[in-house]
Amino acid sequence: MPSLNERFLVVPCLLALLTGCSGAADTPNEGDAKPSSSSPAGGFGNILVDGKPVTGSKPSGNDKIPYLRTYTAGELYAPVTGYRSLAYGSTGLESVFKGSLSYRKSDDVETTIDPEVQKAAFGALGEERGSAIALNAKTGALLAVMSTPSYDPEAFSGNSPGDQEAWQRVTGDQGKPLYNRALREASEPGETFDVVIAAAALDHGLYDTPDEPTDGGSGECANATIREALARSCNEIFANLASELGEEKLRETAKAFGFDQELLVPLPVTASTYGSYRNGTITVTAIQLARVAAALANRGLMVGPHLVAEGTEDRITQSVPAATAGLLLPAVREKTEWAPTDDDGAPSSWSLVYGQTEKGEPVALVARMATSNADAAARVTSAMAEALS
């Protein structure tokens, strides 16, 4: 198994307890930005989606700080743009590219977001607590990054009493709209982790194919193959496989897929963790689950992911051998329903499916919603898949 070296960044956190992200942090190479062709002279540079600005500028009436940030469809793109506020700093891409987007430089930043897929995710999630990711397996481009409930960053971009009231509303909202769940919320994975167990079982030679009968199980799961066990949610089969593999082999495969590693896209991503399968101390973010699914669809190669279209140097690593990925991918594609989880009384509905771009490139689609309704997350991935076609 090749060694995986990921970059680590210590991020100073302004408002970290509230937002889970940085206030004036995350400064990659701002050469990723390009001279603006979308903003008026002297205004801020813009964040672009499909070549069109989703941000803007307007006069502030203050000579020292002459512009205020404006947003188009603010709630739709807030998990990507973050906010830029005279009173409350900046987050998201507004923070990462704070200098190059400033009115002194006025450079633009082009994102990889597909507006139709982003809209589909937002519409399907509604006001419920949830997240959605669409990840192009071949290119590593993030086509959707959605977190709900969301917020309108323009509501507090200034420092007036109205901005203060809007800030108080959003920070006092129990739904935590400033918290980017798609990138920052790591929770119990439930049976979605069975994909990692299956990959480990094949990679470490417990079985040569996913169509060999296993030992154990009962009823329709008795001696089920890995393919059948995935389709039928045979928890006992995967518990047996995990026991046969042991913690170290499982941890090895999990780390190969990116668990226990920090990640920048360039927004910071909370590390998904492999503690112990036996003790149930495993967590996963929506974006990490998408990375696992994308690797299987790309001959085991993990590309990126990245949110900025230009100047990105993607990390490319081999998670599992191409042969293992090829054997397991059809079985994962066939599974369309994932059982809800209950993490200390906090239910989650997960969905992991595949779509494809107009060019035929595979796209990993993942959604998580804070509900015990098994169909809730599936509606989100279905909407994204339809938007891709």
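Residues numbered from 1 in each chain as written. Predicted model: local features only at pLDDT ≥ 70, side-chain atom pairs only at ≥ 80, totals over all residues. Heavy atoms only, no water.

Draft legend 1. Spatial organisation of the environment of Val49. By the secondary structure assignment, Val49 is in strand β2 (residues 47–49). Sequence-wise, Val49 and Pro115 are 66 residues apart; in three dimensions their C-alpha atoms are separated by 6.7 Å. Excluding anything up to four places from it in sequence, Val49 contacts Val54, Tyr77, Glu110, Thr111, Ile113 and Pro115. (Helix = DSSP H or I, 4+ residues; strand = E, 2+ residues; numbered from the N terminus. Contact = heavy atoms within 4.5 Å.)

Draft legend 2. Summary view of helix α12 (residues 286–296). The element α12 is largely enclosed, with a buried count of 11 among its 11 residues. Burial in α12 covers these residues: Ala286, Ile287, Gln288, Leu289, Ala290, Arg291, Val292, Ala293, Ala294, Ala295 and Leu296. (Buried < 20%, exposed > 50% of the residue type's maximum accessible area, 1.4 Å probe, protein only.)

Draft legend 3. How the structure looks around the state of the cysteines. This model, assessed by the stated rule, comprises 1 disulfide. There is a disulfide in this structure between Cys221 and Cys234, and the S-S distance comes to 2.0 Å. Every disulfide takes its handedness from the sign of the S-S torsion; for Cys221 and Cys234 that torsion is -80°, giving left-handed. You can see Cys221 sitting in the loop between α8 (194–203) and α9 (226–232) and its partner Cys234 sitting in the loop between α9 and α10 (235–245), a full 13 residues away along the chain. Here the two residues Cys221 and Cys234 agree in accessibility, since each one is buried. (Disulfide = S-S within 2.5 Å.)

Draft legend 4. Just the sheet that holds strand β10 (residues 142–148), in detail. With antiparallel pairing, the 5 strands of this open sheet are ordered in space as β10-β9-β19-β18-β17. On the outer flanks of this sheet lie β10 and β17 (341–343), each paired with one strand and no other. The average angle at which neighbouring strand axes cross in this sheet is 20°, direction not considered. Both strand β9 (residues 130–136) and strand β19 (residues 362–369) contribute to a ladder of 7 bridges, which runs antiparallel. Bridging across to β19, Ser131 finds its partner in Arg368. (Pairing = 2+ DSSP bridges. Axes fitted to C-alpha atoms, helices over the stretch in contact; angles between N-to-C directions.)

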